[in-house]
Amino acid sequence: MGWGYYVAEPNSYLAVTGAHIDGVKIIKKCMVYPFQKVTKIAITPFDFSMSLQAMTSEKLQFELPAVFTIGPADDVPSLMKYAVLLTGDSDGQPQGHSGTLGTGRNHVQDIVKGIIEGETRSIVSNMTMEELLNNRRLFKKEVLENVQKELDQFGLCIYNANVKELQDLGESKYFESLARKAHEGAQSQAQVDVAHARMIGKVGEAEKEGEAKQRIAKINAHTAVLETERKVEKANADQILKTREIEIARELNLEQIKAQRSAEQKDAELQKAVEQKRAEMELERLRATTVTQAQIARESAHQKAEADAFSQIKRADAKKYEQEAEAQAIAYRSQQDANAALYTSNKDAEAHLAAREKEAQAEYLWSEKQAQANYITKEREAEAMYIAKHKEAAGLSELAKAYGELAQVLGGPQGLLQYLMMQNGTFAELANANAKAINGLQPKINVWNTGSQDGSVDSMAPIRNLIQTLPPMLSTIQEQTGMTAPSWLMGQPSQAGQNGQASAEEKVAARKSLTNGHK
C-alpha cells in the first residue's frame, strides 16, 4: 500500500511500520509518508470446530468435540503482538492482495489448535473419567484458563468455548455401557416409583381431603377477620378523607380571602395610578396654556415696541426733512419769490405724502405682525387643546381598562357598581337623605305594664290586666286621633263597693295616674 491518508474500518486497525517509527504503530487512521508501510488488521473473531482425542489417568480413551471462538484482543499491546507474530503467512510474507489481513488463516488455526490440544491432554491425564463426568464445568474452566495464558503471548483472546458431550473412541464401549446401565436403572426405578406413587396417591388423597376441609375452615375464618379489618380500615380511611376535605375547604376559604385582599390592594393601586395620571394631565394642560399665553404676550410686546420705534424714527426723519426743506425755501425765497409759494406747497405736499406713506407702511407692518401673532396664538391654543384632549382620552382609556380589570376582580359590573357607590359615598348620601326624610317626625309612644308586682298567684289576674289596659289605650286614641270613647264605657259607680272596694273618684284618679305614668 502506497503513501497517503488511510482510515481503518470499524472491525480493523492500521499497523504502520517504516521511517520514524520504532517497531509497529497501531492506529485507526493516519497519514502514511514515503518509506513507510501500512497494513490493515481485521479483529473479527472466527469459529473453528475440532475433535480432541485424549486419555484419562485410567487409560480410557475418548473423543472430546469442541467449538472455539477466537480473535485478536481489542487493545493496543495485544494487537502489536498479533501484528508482529501472526500477520502474513508462516514464512513472513503478506497474504492476499487486498491489503487487509484476516484472522482465519490456516497457520493461525494450526497454532491455536496445537495449544488447545496440548493443554487439554495435560489436564485430562491427571483426572479420572468419573471426575470428568461429575466436574464438567470445572474441567471447562481449567481448559479455558490454561489456553488463554498461552494465547496471550500471541495477542489472541477466547471469546467463547463450547465443549460437547464426550464420545467413545474406536472399539471402546464405555459411554455406551454407561448409557445402557443408566437406562436399565431408570426403568427399574420407574416401576418402583410407579408402585410407590400409587401408594402415596391413595394416602395423599385422604390426607388432602382432610387438609382441604381444614384449610376451607381456616380460610373462612380468616376471610371473616379480613372483612372486619377491611371495614375498620375503610372507616378510618373515610375519617381521614373527611378530615382532609375539611382542611382543603378551610385552605380554599383562606385562599379566597387572600385573593379578595389582593384584589382590594390592586384596586387601590390602580385608583392611585389613575389619580396620578389625572393630576399629570391637568398639570400638562395648565403648563401648556400658561407657556403659550406668555409667549404670545412677549412676541406681541416685542412687535409693538419695534413698530413704535420705527414710527418714531420715520417721524424724526420727516421732521428733519421738513426743516431742511423749510430752510432751503427761506434761502430761495429771496431769490425766487415768485416760485417760493409753489415750491413750498410742493415740498409740503411731498413731505405730507411721504409721512402718509411711512404711516401706511407702519400700519401695514403692525397689521401683519398682529395677524401673525393671532395666528400663532390660535395655533398654540389648538395644539394645547389637542394635547389636552389626547391626554384626557388616554387617561379615560387607562381608567376604562382599570375599571374593566377591577370589574373582573369584583365578580362583574354589579360588583364594580357597588364598589364605586361605596367609594363615592353614595350609600352615605342615601342614608343622609333617608334621615332628612324622617327628620322632624315626633312619634308618640305609650308603654304600660299590667303585671303583678307582689308575685302572688291570682286567678283573676288575666281579666284584671285586660281591663286595666283599656284606660291608657282609650286615652292614647283620644290624644292621637281626637276620638273620645263613649261615656258608658268610661263610667264608674258613685259609691264605694263592698269588700273594701275604692270609690269612683279614687278609681278615676288611679286610672289617670296610671295613664300618665305609662305615656
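Residues numbered from 1 in each chain as written. Predicted model: local features only at pLDDT ≥ 70, side-chain atom pairs only at ≥ 80, totals over all residues. Heavy atoms only, no water.

Under an unreviewed UniProt entry, the name given to the chain is Band 7 domain-containing protein, and the organism recorded is Friedmanniomyces endolithicus. Heading Sequence similarities (unreviewed entry) of the UniProt record for the chain holds this comment: "Belongs to the band 7/mec-2 family. Flotillin subfamily." Under Subcellular location (unreviewed entry), UniProt gives the following word-for-word description of the chain: "Cell membrane". (UniProt positions renumbered as here; feature names shortened; annotations may be inferred.)

One way to put it is that helix 2 (residues 106-124) packs onto helix 4 (residues 136-151) with a least axis distance of 9 Å and a crossing angle of 135°. Between helix 2 and helix 4, the angle is such that the two are oblique. Between helix 2 and helix 4 the crossing geometry is right-handed. From helix 2, V112, I115, I116, E119, T120, I123 and V124 reach across to helix 4, where they touch F139, E142, V143, N146, V147, E150 and L151. (Axes fitted to C-alpha atoms, helices over the stretch in contact; angles between N-to-C directions. Helix = DSSP H or I, 4+ residues; strand = E, 2+ residues; numbered from the N terminus. Parallel < 35°, antiparallel > 145°, perpendicular 65-115°, else oblique. Left-handed = near helix turned anticlockwise from the far one by under 90°. Contact = heavy atoms within 4.5 Å.)

All right, on to helix 10 (residues 470-481) then. Note: α-helices contain 3.6 residues per turn, so residues at a spacing of three or four share the same orientation. Taking 1.5 Å per residue as the helical rise, helix 10 with its 12 residues ought to reach 16 Å, and the 16 Å between its terminal C-alpha atoms agrees with that figure. Looking at helix 10, one finds that the buried residues are P471, P472, L474, S475 and T476. Positive backbone phi, approximately 80°, marks G482, located one or two places after helix 10. (Expected span 1.5 Å × (residues − 1). Buried < 20%, exposed > 50% of the residue type's maximum accessible area, 1.4 Å probe, protein only.)

Taken together, the side chains of W3, Y5, V7, M31 and Y33 make up a nonpolar region of the molecular surface, amounting to roughly 580 Å² of accessible area. The topology assignment puts M31 in strand 4 (residues 29-32). (Patch = residues over 30% accessible without salt bridge, like charges linked within 9 Å, V, L, I, M, F, W, Y side chains within 5 Å. Areas by Shrake-Rupley, 256 points an atom, 1.4 Å probe, with all protein chains shown as cover. Salt bridge = Lys/Arg side-chain N within 4 Å of Asp/Glu carboxyl O.)

A rise of 1.5 Å per residue sets the reference length of helix 2, with its 19 residues, at 27 Å; its end C-alpha atoms lie 27 Å apart and thus fit the reference within 8%. Turning to helix 2, the residues buried within the fold contact strand 6 (46-55), strand 7 (61-72), helix 3 (129-134), helix 4 and strand 9 (156-163).

Moving on to the nonpolar core. Counting 40 residues, the largest nonpolar core has F62, I70, I116 and L156 as the members making the most contacts within it. Take this core: its biggest share by element is six residues, from helix 2. For F62, the contacting residues outside a window of four places in its chain are L52, Q53, A54, M55, T56, V124, M129, L132, L166, Q167, L169 and F175. Core analysis: the second largest hydrophobic core is formed by eight residues, A8, I21, V32 and V38 among them. (Core = buried A, V, L, I, M, F, W, Y, C linked by side-chain atoms within 4.5 Å.)

Turning our eyes to something else, we now look at unusual backbone geometry. The backbone of H20 sits at a positive phi, close to 65°, despite the residue not being glycine. With respect to the element layout, H20 can be found in the loop between strand 2 (12-18) and strand 3 (25-27). Looking at H20, the relative accessible area reads 84%, which means it is exposed. Phi is positive for F35, close to 65°, though the residue is something other than glycine.

Scanning all chains against the criterion turns up 12 salt bridges. For the salt bridge of K234 with D238, the shortest nitrogen-to-oxygen distance reads 3.2 Å. Of this pair, K234 and D238 both sit in helix 5 (residues 174-333), four residues apart, which is roughly one turn of the helix. Looking at K234, the relative accessible area reads 52%, which means it is exposed. Note on D238: relative accessible area 40%, which makes it partly exposed.

The next thing to look at is the packing of aromatic side chains. Evaluation of the coordinates by the stated rule reveals zero aromatic pairs. The side chain of K28 reaches across the aromatic face of Y13, ending 4.4 Å from its centre. (Phe/Tyr/Trp six-rings, centres within 6.5 Å; stacked < 30°, edge-to-face > 60°. Lys NZ or Arg CZ within 6 Å of the ring centre and 35° of its normal.)

Now for the pairing of strand 7. The buried count for strand 7 comes to nine of 12 residues, which makes it a mostly enclosed element. Where strand 6 and strand 7 come together, 10 bridges link them in antiparallel fashion. Bridged to F48 within strand 7 is F68. Hairpin connection of strand 6 to strand 7: five residues between the antiparallel strands, including K59 at a positive phi of 70°. (Pairing = 2+ DSSP bridges.)

Turning next to the side chain of T120. Positionally, T120 belongs in helix 2. Of the polar contacts made by the side chain of T120, one reaches the backbone oxygen of I116; its length is 2.7 Å. Apart from residues lying up to four places away in sequence, T120 is in contact with L52, L64, F139 and V143. (Polar contact = N/O pair within 3.5 Å; in protein donor to acceptor, adjacent residues only side chain to side chain.)

Below, the discussion takes up the packing of helix 9 (residues 461-468) against helix 10. For the pair helix 9 and helix 10, interaxial distance at closest approach is 5 Å and the crossing angle is 20°. Relative to helix 10, the element helix 9 is oriented roughly parallel. Across from L466, I467 and Q468 in helix 9, the residues of helix 10 making contact are L470, P471 and P472. By residue class, the composition of the contact of helix 9 with helix 10 is five nonpolar, one polar and no charged. (Nonpolar A, V, L, I, M, F, W, Y, C, P; charged D, E, K, R; others polar.)

Counting all residues, the mean pLDDT for the chain is 78, and 82% of those residues have values of 70 or more. Every residue in residues 95-104 scores below 50 in pLDDT, and together they form 26 contacts with partners more than four places removed in sequence or on other chains. Under a pLDDT of 50 for its full length, residues 494-502 has, in the predicted model, six contacts with residues more than four places off or in other chains. (pLDDT = per-residue confidence, 0-100.)

Here K40 lies in strand 5 (residues 36-42). At a separation of 3.5 Å, a polar atom in the side chain of K40 contacts the side chain of E9.

When you line up the elements, Y386 lands in helix 6 (residues 337-409). In the structure, Y386 is positioned 101 residues away from R285 in sequence and 10.0 Å away in space, judged by C-alpha atoms.

A few words now on the environment of I116. Inspection of the secondary structure assignment puts I116 in helix 2. A relative accessible area of 0% places I116 in the buried class. Here the alpha-carbon distance between I116 and N146, two residues 30 residues apart in the chain, equals 8.7 Å. Ignoring anything within four residues of it in the chain, the contact list for I116 reads F48, M50, L52, F68, I70 and V147.

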